[in-house]
Amino acid sequence: MYKKRRIRQYIWCWIFILPTTLFYLGFQGWPILSSIYYSALNWSGISSDKAFVGLGNFKELLSDHWFWNAFANSFKYMLYSVPLLIILSLFLAVLLNEKTLKMREVYRTLFFLPVITTASIVGIIMLFIWSPTGAINGVLRLFGEKQTINFLGQAKLALPTVAVIGVWKDVGIYMIYWLAALQSVPQDVVEAAKIDGAGKWQEFRYITVPIILPIGGVIILLAVINSLKVFDIVQTMTGGGPFFATDVMGTFVYRTAYASSVGMPRLGYASAAAMLFGICVILIGFVLNTLKSLISKKRVD
C-alpha cells in the first residue's frame with residue numbers, strides 16, 4: 001500500500017512538471033541542438049543550399065575582428081554594469097528592509113516597475129532622455145555645462161551610457177533578491193547585537209554580510225551571466241553603434257543571422273558565434289560557482 005502511494009505521488013509530480021518540461025524542450029532544448037547543427041554548416045538560413053564545413057565557421061571566427069570586438073564589448077558591459085548593479089541593489093534592499101521606513105512597499109514597487117517594462121519601450125524613451133536635446137543635457141545646462149554631450153553618439157560614452165540604463169532597468173529585480181537574502185538574517189541575533197551596543201555598520205558588517213554571503217554569490221553569478229546576454233536594450237538604443245562601439249554578442253549574432261545590412265544572412269556562422277560565446281559564458285559560470293562554493297565551505301569551516 002505504501003509503495004502504491006509513493007508511485008502515485010511520483011506520477012502526479014511528473015504530470016505537473018510535464019508542461020514545463022515540454023515548453024523547455026520546445027523553446028530551449030531544440031533551438032540549442034539546432035544551433036549546434038547549424039554551426040557546422042555554411043548556410044544563409046533562407047536558401048536550400050547547405051554545405052557542411054565542420055569547424056570551418058569556428059576557425060573563421062578566430063580571425064574575425066568584428067566578432068572579437070563584440071566579444072570584448074560584452075565583457076566591458078559586464079564590468080560597467082555588474083559592480084554598480086550589485087552595490088546599488090544591495091543599498092536599496094538594506095534601506096527598504098528597515099521596518100521603520102514609511103511606505104516602503106510603495107518604494108519597492110516603484111523601483112521594481114522598470115523590471116516589468118518592455119526593454120524596447122525603455123530604450124525608445126531613453127533615446128529622447130539621453131539625446132543632445134534631452135532631459136539629461138537640460139539638467140547639465142542648469143549646472144553650467146555649456147557644451148552639449150551626445151551620450152549615445154560618442155564611441156567612448158555610448159557603452160557606459162547603455163550600461164547605466166541597463167542598471168536602472170534591472171536594479172529592481174536584484175533588490176528583490178537581496179531583500180529575500182536579508183529576510184534570512186535571524187532577528188534574535190540582530191537584537192542581541194543591538195543590546196551589546198553594535199551600531200548599524202557593525203551589525204551589517206559582522207552579522208548581515210556573513211549570513212547573506214552565500215546567497216550574494218548566487219546573485220552575483222546571475223548578474224554576471226545576465227549582463228553577458230544583453231541584447232534588447234542595446235539593439236533598441238544603438239543597434240551596436242556608433243562605429244560598433246556598443247556591438248555586443250547579441251547584436252553581432254542578430255546582425256549576422258538576420259539583418260540584411262551585411263548582405264546575405266549567415267545563419268551557420270552566427271550559430272557558431274553564439275555557440276562559442278555560450279561556451280565561454282558556461283565556463284565563467286562554472287568558475288564563479290566554484291569560487292562561491294569554496295567561500296561558502298570556508299565560511300562553514
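**Focus on the confidence of the model for the chain**
- Summing up the model confidence of the chain, the mean pLDDT is 90 and the portion of residues at 70 or higher is 97%.
- At the level of individual helices and strands, the chain shows its lowest average pLDDT in helix 8 (residues 187–195), which scores 82, and its highest in helix 3 (residues 65–96), which scores 96.

**Let's talk about the layout of surface pockets**
- Of the pockets and cavities examined, the largest pocket occupies roughly 1,000 Å³.
- Considering the residues around the largest pocket, the lining is formed by 28 residues, among which S35, K229, V253, A274 and M275 are closest to the centre.
- Of all the secondary structure elements, the ones that give two or more residues to the lining of the largest pocket are helix 1 (2–38), helix 9 (200–228), helix 11 (249–257) and helix 12 (267–300).
- Among the elements that line the lining of the largest pocket, the one with the most residues is helix 12, at 10 residues.

**Side note on the pattern of salt bridges**
- Applying the stated rule across the entire model yields 4 salt bridges.
- For K200, the salt bridge goes to E98, with nearest N and O atoms at 3.1 Å. Placement of K200 in helix 9 and of E98 in the loop between helix 3 and helix 4 (104–112) is noted, with a sequence separation of 102 residues between them.
- According to the relative accessible area criterion, K200 is exposed, its value standing at 52%.
- Classification of E98 as partly exposed rests on a relative accessible area of 29%.
- For E105, the salt bridge is made with R104, and the minimal N-O distance between the two is 3.8 Å.

**Comments concerning helix 11**
- Counting buried residues along helix 11, 7 of its 9 residues qualify, which places the element largely inside the surrounding structure.
- Residues M249, T251, F252, V253, R255, T256 and A257 constitute the buried set of helix 11.

**Topic: the packing of aromatic side chains**
- Across all of its chains, the model carries 17 aromatic pairs by this definition.
- Between F23 and F27, the aromatic rings sit 6.0 Å apart at their centres with planes inclined by 15°, giving stacked as the arrangement. Of this pair, F23 and F27 both sit in helix 1, separated by 4 residues, roughly a single helical turn. Each of the two residues, F23 as well as F27, counts as exposed.
- With a centroid separation of 5.2 Å and an interplanar angle of 55°, the aromatic rings of Y38 and W43 are classed as tilted.
- When the ring centre of Y269 is taken as reference, the NZ or CZ atom of R266 above it lies at 4.2 Å.

**Some details on a nonpolar patch on the surface**
- A surface patch of nonpolar side chains, about 930 Å² in accessible area, is lined by I7, Y10, I11, W12, W14, I15, F16 and I17.
- Topologically, I15 is positioned in helix 1.

Here is what the cut-offs are and how they apply
- Counting of residues starts from 1 at the beginning of each chain's written sequence and follows it residue by residue.
- Confidence filtering applies because this is a predicted model: local features only for residues at pLDDT of at least 70, side-chain atom pairs given and counted only at 80 or more, and all residues used for totals across whole chains, interfaces and linings.
- Excluding hydrogens and water, the side-chain values take into account all heavy atoms of the structure.
- Scored between 0 and 100, pLDDT is the confidence that the predictor attaches to each residue.
- Starting at the N terminus, helices and strands are each numbered in turn, a helix being any DSSP run of H or I of at least four residues and a strand any DSSP run of E of at least two.
- A cavity here means a set of 1 Å grid points, computed over protein atoms only, where a 1.4 Å probe fits but cannot escape. A pocket is an open set with protein on both sides within 12 Å along at least 5 of 7 lines, and lining residues have an atom within 4 Å of a point.
- Grid points are joined across faces, edges and corners, and a volume is the space filled by probe spheres set on the points.
- By definition here, a salt bridge exists when the distance from a side-chain nitrogen of Lys or Arg to a carboxyl oxygen of Asp or Glu is within 4 Å.
- Classification of residues uses two cut-offs on accessible area relative to the type maximum, computed with a 1.4 Å probe and protein chains only: under 20% is buried, over 50% is exposed, and between them is partly exposed.
- Under the pairing criterion, centres of Phe, Tyr and Trp rings, with the six-membered ring standing for Trp, must be within 6.5 Å; the plane angle then separates stacked pairs below 30 degrees from edge-to-face pairs above 60, leaving the rest tilted.
- Only lysine NZ and arginine CZ atoms are considered, and such an atom sits over a ring when it is within 6 Å of the ring centre and within 35 degrees of the ring normal.
- Put simply, a patch holds well-exposed residues, over 30% relative accessible area, that have no salt bridge, with like charges counted together within 9 Å and Val, Leu, Ile, Met, Phe, Trp or Tyr side chains within 5 Å.
- Method for areas: the Shrake-Rupley scheme with a 1.4 Å probe, in which residue coverage is limited to the protein chains shown.

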